[in-house]
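The lines below spell out each chain.
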Amino acid sequence: MQATETSLTLKDVINARHKKQRVQLCFYLFLFALVIWSVQATVIEDTDWERIGSVSEIVASVSHFFGLDIGLIPDLLAPTIETFMIACLGTLLGLVICIPAIWFGALNVTPFKPVTYPLARISMTLSRSIHEIVWALIFVSAVGLGAFAGILAIAARSLGFIAKMSAEAIENIDQKPVEAIRAMGGSNLQIMLYGILPQVLPVILGIVIFEWEINIRRSAILGLVGAGGLGLVFFRQMNTFNYPGVTTVILAIFGLILIGEVVSHYSRKALN
Amino acid sequence: MGEKALDIEQQSGSSGTGRDGIRREWSRFKYPNSLIGYGIVLGLLTFFTYSVHYLNIPAERIFGMFGRVGDVLATRYFPPDFEYIADFGYFDAVIETIQMAYLGALFGLIISVFLGWFAAYNVSPSPRYIYPVARLFTMGCRSVHEMIWTILFVTILGFGLLPGVLALTMFSIGFAGKLLAEEVESIDMGQVEAIRAMGGNHLQVFVYGVFPQVRVAFTGISIYTWDVAFRAATVVGFFGAGGMGWYLKRNVMQIETERTAAILVSIIGLVIVSEFISTWARSRVDKAK
Amino acid sequence: MSVLSVRDLRARYSSNGPEILKGISFDVEEGDFFAIIGPSGAGKSTLIRCINRLVEPTAGTIHLRDVDVLKLGSSDLRKMRRHIGMIFQEFNLINRMSVMDNVLSGRLGYVGPIRSIFRTFQDKDIQRALELLERVGLQDHVDKRADQLSGGQRQRVGIARALMQEPNLLLLDEPTSALDPKISREVMDLIRSIATELKVPVLCNIHDVQLAKETCNKIIGLQDGNKMFDGLTPDLDQSSLEEIYAMEVL
């Protein structure tokens, strides 16, 4: 009796497992079909295999990049500094233009909710959904080539992230200090200065430093569309087919990013 | 020692003079902490001012510039030429962009599952050798901007979607690999220990001890990666990797500003749609937790 | 012949850290239910983990049925581990998998990579898992997720998982300290009856002296990495207990 009962459940359990596995299989097959379709369109049809050539030709064109252009290094110093400054000033400007967006975009402090809140949210989404290259294109056409366009592009791109995270930080604050300031008769400004700001300032600074680190990465490529810095040197090396020079520029970018990561790591640690 | 502490407690702040007759002073300035603080602020200000000077920025016109941008957009880029993008060629480019982002993110995610495993110190099969290599590879993918990846792959493989897919793969590895490794490093090691104790090998430890714990996070990261990869995919074409970016490049070069505006509007629209989908999907995943 | 024989075992977590185990020796015989007691921080968990080398001892020998455990290479070590069942204080179940998959995961030492990725276990394993779940009283919870169970139920899943390995030694690392006293007693009784039934020797570390006296036939007492008592349960008297827990009294 016991045995038959167990074997019956055994059948059920095994069937259930098989059914579940079949459903999973269908899901994976669907994903796989999508892959096939995409590979067919992008890799097989679109690629000019003769241009790529054989494996040895690919290896040959990759090996162009091995090696360094030592002579280029002195010329890299100025653009590296420029890139670094674009990132710093861009982040600073981003923070400045962020302040109204943070104020309007945090539900608990926004001055006139039906208008200001959506306004802030839209500007945040716009800022984040436009790629830095596109921002740079827009600003280059507005203010001309050079570092200034880069700074504006970085600022415009940073706004979204800083504002969104900071507004969330403000929405999640501890309400008790705010209540205390209100209870002692503080004005809205005083509530802001003594109740909210001390709580969120370290958080916002952390966010800004994090964004600054990303901005170094971004500012290094803005030169590709004419906004100054290392990207411009990269573009020139590429156009003159000086592949060791390209590698040198990439290493310079690496160095800059490494510095940024170290500084960001320690300053965020110091903040906590 | 104890007496002294008592003294401080007993002092009454009203007269400014304590019971023991010593005048108590309080200053906002604390040495050396305040000095370091002011020093940092001063240093930063000097640096910013010097940078403005070094880069020849017309600082007084900065805020005017945003108005100027508005002017330029209104006069040159308005109205966007939507008829230009309302044809099958452009629609194909949109589909290609989506496919490129899908493949790039997918390949990147598959690779970053392994990288997340190898580059997490607590479960890496060999903390001494595999861990630093995996870590370095992830960092390298992250440090190089997706546009530079695109240019490099285009140089090697020529124009087309394939270099775009590969560039997005590298980008997704850098993006997802780091997030996933962080996720893996914060798991409960007890479940890992249990699988090790019953004789599981590295693969089984990962499949049973690690992956079930990060599966939800991984789903979230996957959706996020797809979203970010799509955002990048709309632009990689600008450097020769096909899709919508290629249209953008052509019209920018030909100074067809109204067509450019239409393309930009379509890119922004699609990115916002993809962000909505991604946010919605991630909130669903979070709820399923 | 003893099942498990440990001689002069020493362990420390880092080369300059404190020594956790300072030369422990003992023997587990066939049919033993062997308890390790002692205050927290005495090295009980470390000792248990040294047996299957989740912690690498720094010196000493461990023999499991004539196999020198400390000399095994990594693949032989895995083969040995699959015959040692382990039950944990915090259960260490795979929270996001079903009870069934958790119990089946006890077979991992025996299945290849493809089967483990797709969780396709053999029918006879599923059959055995069902029997074990019935034995521990969880036949109605087969398809629930592990984190939906209560503490006592989870530990029963842990027991079934360990038995799934067809172990010839069971290691218990504080199996009851996350459970309330009544459930603790039930779980210990269950383990004892199963161990007797399957003739598996058990090495168990436990903080509850009363429970240890009720279930175990042999006891060793640890204090600060030293063995303070070694003998049959009836020999454990008040004075030896005071010696073991001397640090805690202070």
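Residues numbered from 1 in each chain as written. Chains lettered and ligands numbered in written order. Predicted model: local features only at pLDDT ≥ 70, side-chain atom pairs only at ≥ 80, totals over all residues.

Novice: It is not clear to me how the overall build of chain B should be interpreted in this structure. Could you clarify?
Specialist: Secondary structure summary: chain B contains 12 helices and 0 strands in total. Across its three principal directions, the C-alpha atoms of chain B cover 90 × 70 × 40 Å. Burial status across chain B gives 43% buried among its 289 residues. (Helix = DSSP H or I, 4+ residues; strand = E, 2+ residues; numbered from the N terminus. Buried ≥ 20, exposed ≤ 12 C-beta atoms within 10 Å, placed from the backbone.)

Novice: When you look at the domain arrangement of chain B in this model, what are you seeing that I'm missing?
Specialist: You'll often see interface size given as the accessible area lost when the parts meet. Taken as a whole, chain B is organised into domain 1 (33-76) and domain 2 (82-288). Relative placement of domain 1 of chain B and domain 2 of chain B: their C-alpha centres are 34 Å apart. (Domains from an automatic or database assignment.)

Novice: Before we go on, may I ask you to explain the packing of helix H5 (residues 88-118) of chain B against helix H8 (residues 161-185) of chain B in this structure?
Specialist: Working note: a packed helix pair is described by the angle between its axes plus the distance between those axes. Residues and elements named next belong to chain B. Relative orientation of the contacting elements H5 and H8 amounts to 40°, with a least axis distance of 6 Å. In terms of orientation, H5 lies oblique with respect to H8. In terms of crossing hand, the pair formed by H5 and H8 is right-handed. Among the residues forming the contact of H5 with H8, the class breakdown is 18 nonpolar, 8 polar and 1 charged. (Axes fitted to C-alpha atoms, helices over the stretch in contact; angles between N-to-C directions. Parallel < 35°, antiparallel > 145°, perpendicular 65-115°, else oblique. Left-handed = near helix turned anticlockwise from the far one by under 90°. Nonpolar A, V, L, I, M, F, W, Y, C, P; charged D, E, K, R; others polar.)

Novice: For this particular structure, what's the right way to read unusual backbone geometry?
Specialist: Across the chain, the bulk of peptide bonds are trans and the bulk of non-glycine residues have phi less than zero. One non-glycine residue, Phe241 of chain A, lies in the positive phi region at around 55°. Relative to the helices and strands, Phe241 of chain A is located in the loop between helix H10 (230-239) and helix H11 (243-271). Residues other than glycine seldom take positive phi values, yet Phe91 of chain C does so here, at roughly 70°. Topologically, Phe91 of chain C is positioned in the loop between strand E6 (84-87) and helix H3 (99-104). Of the residues examined, Phe91 of chain C has 26 C-beta atoms within 10 Å and is grouped as buried.

Novice: Quick question: what am I supposed to make of the interface of chain C and chain A here?
Specialist: Each side of the interface is counted separately: chain C has 7 residues, and chain A has 5 residues. No other element matches the 5 residues that helix H5 (residues 123-135) of chain C contributes to the side of chain C that touches chain A. Residue classes in the side of chain C that touches chain A are distributed as 4 nonpolar, 1 polar and 2 charged. (Contact = placed C-beta atoms within 7 Å.)

Novice: Sorry, what's going on with the sheet that holds E6 of chain C here?
Specialist: Strands pair in a sheet through their backbones, by hydrogen bonds, and they do so in one of two ways: parallel or antiparallel. All names here are of chain C. The strand order E6-E7-E8-E3-E9-E10 describes an open sheet built from 6 strands, whose pairing is mixed. Of all strands in the sheet, those with a lone pairing partner are E6 and strand E10 (226-232), marking the two edges. Averaged over neighbouring strand pairs, the angle between their axes works out to 15° when direction is ignored. Note that strand E3 (residues 33-37) and strand E8 (residues 202-205) share 4 bridges and pair parallel. (Pairing = 2+ DSSP bridges.)

Novice: What should I look at first to understand the sheet that holds strand E1 (residues 4-12) of chain C in this one?
Specialist: Residue and element names in this part refer to chain C. Pairing in this open sheet of 4 strands is antiparallel, and the strands run E2-E1-E4-E5 from one edge to the other. Here the strands that pair on one side only, and so sit at the sheet edges, are strand E2 (19-28) and strand E5 (67-68). Inspection of the sheet shows strand E4 (residues 59-64) paired to E5 by 2 bridges, in the antiparallel sense. Directly across from His63, in E5, lies its bridge partner Asp68.

Novice: In this structure, what is going on with the pairing of strand E7 (residues 169-173) of chain C? I would like to understand it.
Specialist: Consecutive residues of a regular strand have side chains that alternate between opposite faces of the sheet. Residue and element names in this part refer to chain C. Judged by how many residues are buried, E7 sits mostly within the fold: 5 of 5 residues are covered. Along E7, one buried face is formed by Leu169, Leu171 and Asp173 and the opposite face, lined by Leu170 and Leu172, is buried too. Note that E6 and E7 share 4 bridges and pair parallel. By the bridge assignment, Ile87 is partnered in E7 with Leu172. Note: E7 against E8, 4 bridges, orientation parallel. Paired with Leu172 across the two strands is Cys204, which belongs to E8. As for the winding sense of the linkage, the β-α-β connection from E7 through helix H7 (residues 181-198) to E8 is right-handed. (Right-handed = clockwise from strand over helix to strand, strands pointing away.)

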